[in-house]
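# Examination of the molecular architecture
Listed here are the chains, written in short residue letters.
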Amino acid sequence: MRSHVPSYNLESPGNLREVLKTIAAEPGVWRPFAGGTDLMVLLEAGKLPHKNYLNIWNLTELRGIEVTDQHVTLGALTTYTEVQQEKLFQIDFPMLCQAASETGGLAIQNRGTLGGNIVNASPAADSPPALLAYDAELELVSLKGARWVPYHGFHTAYKQMIIRPDELLTRIRLPRRTEKLQHYYRKVGTRKAQAISKVCFAGTAQVREEKIQDVRIALGSIAPVPLRCVQTEDALRGSPPNQIAIDRAMSVLANEIVPIDDIRSTSNYRHQVSLNLVADFLQQLRA
Amino acid sequence: MARLLDVLREQLHLTGTKEGCGEGECGACSVFINGKIVNSCLVPVAQVEGAEIKTIEGIATGNQLHAVQQAFIECGGAQCGICTPGMVLAAVDLLARNANPTDAEIRTGLAGNLCRCTGYIKIFESVVRACQR
């Protein structure tokens, strides 16, 4: 243990209202602490800069999955294991299940939460590309009330988000699409379990009347934020799923992403793999 | 913010639970919290108030080893022993959820646990043997 543990605070307010009161009274002083699978790694490494945390793991208000005809709404504390256990998700949101199954190992999946994955704001996280491709919305709650915001646009820069210091991410909502979509999710890492992505790709679309419709593409690990690739989507919308479309998508995507070199991979590798993945996604649409 | 792992080992002297990486990669510190396998190095002890914790010390029943433990002995699934408690717990967790796992399911069940000695084959064979009991 390389951190001085007594200098950290972890308080357990016990219910949502108490948490909201605390973060409203002292904005920026307290941060939520959910499954701990990211924060505890930093603690162990002596690199956890913030000192005061509110334990939200025990808040029942942030748990549970609600299904209506229009939406599926997940509590922010929904774990990766719970995502995989929800049978409806295998049908409606298979990329989210796949992302959950490829995040860490089983012990991580029992603790890591979707809400934590979002507000930890790692550009290399595995669920954000799927959530972006599924048009997720986030509920941000403070003492002043609740607001729903689109997940696309939530991350504004590296580790920067539009959430205010007095707000808590409480729920994630996914619209249930009636059209028959194809789903393509691919995580590229050094091994199947436990690895952090070099590139993570999520794409949905359908081919209707020989044309690509309702296309959504998102990538992880290739920008300072989880990136919805709107330029590439625009270039594809309405095109027949042929080689011309594949070449155009690769060309547009090449200009839309700016991957970095880091400990896990190189810019060149990420760039090429991203192009290969968009091509593979479109090949699957043709099949 | 004390880690569950440290409280188990240093205050409760339950040293069967090992520390490998300390960052949730290796699974040596695996324990069950309310029946779910977790990495105890990533759990602040404040979050387990009122929870049931089961460590490797609670897997055997008296002198009667669990089928997984017996299989690890018979198949040579343990070498240096640091990963073994976590491997045993991962296998116990798998068999509790799925009594007849496929080879792929066994690999997935053990994927969060690293071993630097065995090359994994004997561990894998131990789990297969445990399934046959």
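Residues numbered from 1 in each chain as written. Chains lettered and ligands numbered in written order. Predicted model: local features only at pLDDT ≥ 70, side-chain atom pairs only at ≥ 80, totals over all residues.

## Structural notes on the overall build of chain A
- Each helix and strand counted, chain A has 11 helices and 14 strands in total.
- Since a compact globule built from 287 residues should have a radius of gyration of about 19 Å, the 19 Å found for chain A is in line with a globular shape.
- Along the first, second and third principal axes, the C-alpha set of chain A runs to 60 × 45 × 30 Å.
- In chain A, which comprises 287 residues, the share counted as buried stands at 46%. (Helix = DSSP H or I, 4+ residues; strand = E, 2+ residues; numbered from the N terminus. Rg over C-alpha atoms; globule rule 2.2 N^0.38 Å. Buried ≥ 20, exposed ≤ 12 C-beta atoms within 10 Å, placed from the backbone.)

## Side note on the packing of helix α3 (residues 84-97) of chain B against helix α5 (residues 121-131) of chain B
All names here are of chain B.
- At a minimum axis distance of 11 Å, the contact between α3 and α5 shows a crossing angle of 35 degrees. For the crossing formed where α3 meets α5, the hand is right-handed. Touching M87, A91 and L95 of α3 are I123, V127, A130 and C131, all from α5.
- Each residue belonging to the contact of α3 with α5 can be placed in one class, and the counts come to seven nonpolar, no polar and no charged. (Axes fitted to C-alpha atoms, helices over the stretch in contact; angles between N-to-C directions. Left-handed = near helix turned anticlockwise from the far one by under 90°. Contact = placed C-beta atoms within 7 Å. Nonpolar A, V, L, I, M, F, W, Y, C, P; charged D, E, K, R; others polar.)

## So, the sheet that holds strand β2 (residues 36-39) of chain B
Residue and element names in this part refer to chain B.
- Taking strand neighbours across the sheet as the criterion, the three strands line up as β2-β1-β3 in an open arrangement whose pairing is antiparallel. Lying at the two open borders of the sheet, with one neighbouring strand each, are β2 and β3 (53-54).
- The pairing of strand β1 (residues 30-33) with β3 spans two bridges and is classified as antiparallel. Paired with F32 across the bridge in β3 is K54. (Pairing = 2+ DSSP bridges.)

## Focus on the domain arrangement of chain A
Residue and element names in this part refer to chain A.
- On domain assignment, one finds that chain A holds domain 1 (6-55), domain 2 (61-175) and domain 3 (182-286).
- In this structure, domain 1 and domain 2 have C-alpha centres spaced 19 Å apart.
- At the junction of the two partners, domain 1 supplies 14 residues and domain 2 supplies 17 residues.
- Broken down by element, the side of domain 1 that touches domain 2 gets its largest block of residues, six residues, from helix α1 (residues 16-25).
- The residue inventory of the side of domain 1 that touches domain 2, partitioned by class, reads eight nonpolar, four polar and two charged. (Domains from an automatic or database assignment.)

## Comments concerning the interface of chain A and chain B
- Taken together, the contacts link 23 residues of chain A with 22 residues of chain B.
- Contributions of two or more residues to the side of chain A that touches chain B are made by α2 (39-45) and α6 (106-109) of chain A.
- Tallying contributions element by element places α2(A) first for the side of chain A that touches chain B, with four residues.
- Each residue belonging to the side of chain A that touches chain B can be placed in one class, and the counts come to 12 nonpolar, eight polar and three charged.

## Remarks on the domain arrangement of chain B
All names here are of chain B.
- The assigned domain composition of chain B is domain 1 (4-58) and domain 2 (67-131).
- For domain 1 and domain 2, the distance between their C-alpha centroids amounts to 18 Å.
- In this assembly, 14 residues from domain 1 lie in contact with 11 residues from domain 2.
- Considering each element in turn, the side of domain 1 that touches domain 2 owes the most residues, three residues, to β1.

## With respect to the sheet that holds strand β3 (residues 52-55) of chain A
Residue and element names in this part refer to chain A.
- Read across the open sheet, the three strands follow the order β1-β3-β2; overall the sheet is parallel. Since the sheet does not close on itself, it has two edges, and those belong to β1 (9-11) and β2 (31-33), each with one partner. Neighbour-to-neighbour, the strand axes of this sheet turn through a mean angle of 35 degrees, independent of strand direction.
- When β2 meets β3, the two strands line up parallel, connected through three bridges. Bridge pairing in β3 places P32 opposite L54.

## Details of the environment of T73(A)
- Note on placement: T73(A) falls in strand β5 (residues 71-75).
- Considered as a pair, T73(A) and R171(A) are 98 residues apart in the sequence and their alpha carbons are 6.6 Å apart.

## Concerning α5(B)
- Those residues of α5(B) that fall on the buried side of the exposure criterion are I123(B), S126(B), V127(B) and A130(B). Summarising the axial view, the buried residues of α5(B) lie within an arc of 95 degrees, below the 170-degree limit, and thus occupy one face. (Arc of directions from axis to C-beta.)

## Considerations on the pairing of strand β12 (residues 199-208) of chain A
Residues and elements named next belong to chain A.
- Counting buried positions over the 10 residues of β12 gives seven, a clear majority of the element.
- Examined bridge by bridge, strand β11 (residues 182-188) and β12 share seven bridges and lie antiparallel to one another. Paired with R186 across the strands is F201, a residue of β12.
- Where β12 hands over to strand β13 (residues 211-220), the hairpin turn is made up of two residues, of which E209 adopts a positive phi near 50 degrees.

## Brief notes about the pairing of β3(A)
All names here are of chain A.
- Pairing of β1 with β3, which is carried by three bridges, proceeds in the parallel orientation. Opposite N9, over in β3, you have N52 as the bridge partner.
- Following the backbone out of β2, through α2 and into the adjacent parallel β3, one traces a crossover that is right-handed. (Right-handed = clockwise from strand over helix to strand, strands pointing away.)

## Regarding helix α1 (residues 4-11) of chain B
Residue and element names in this part refer to chain B.
- Among all positions in α1, only L4, L5 and L8 are buried. Within α1, the buried residues cover an arc of 110 degrees as seen down the axis, which keeps them to one side. Residues E10 and Q11 are exposed on α1 and point more than 90 degrees away from its buried face.
- Backbone geometry just downstream of α1 places H13 in the positive-phi region, at approximately 55 degrees.

## Description of the nonpolar core
- With 115 residues, the main nonpolar core has L96(A), A130(A), L219(A) and A91(B) as its most contacted residues.
- With eight residues, the single largest contributor to this core is α3(B).
- Dropping the residues within four chain positions of it, L219(A) is found in contact with P129(A), V199(A), C200(A), F201(A), L227(A), C229(A), I257(A) and S274(A). (Core = buried A, V, L, I, M, F, W, Y, C linked by C-beta atoms within 7 Å.)

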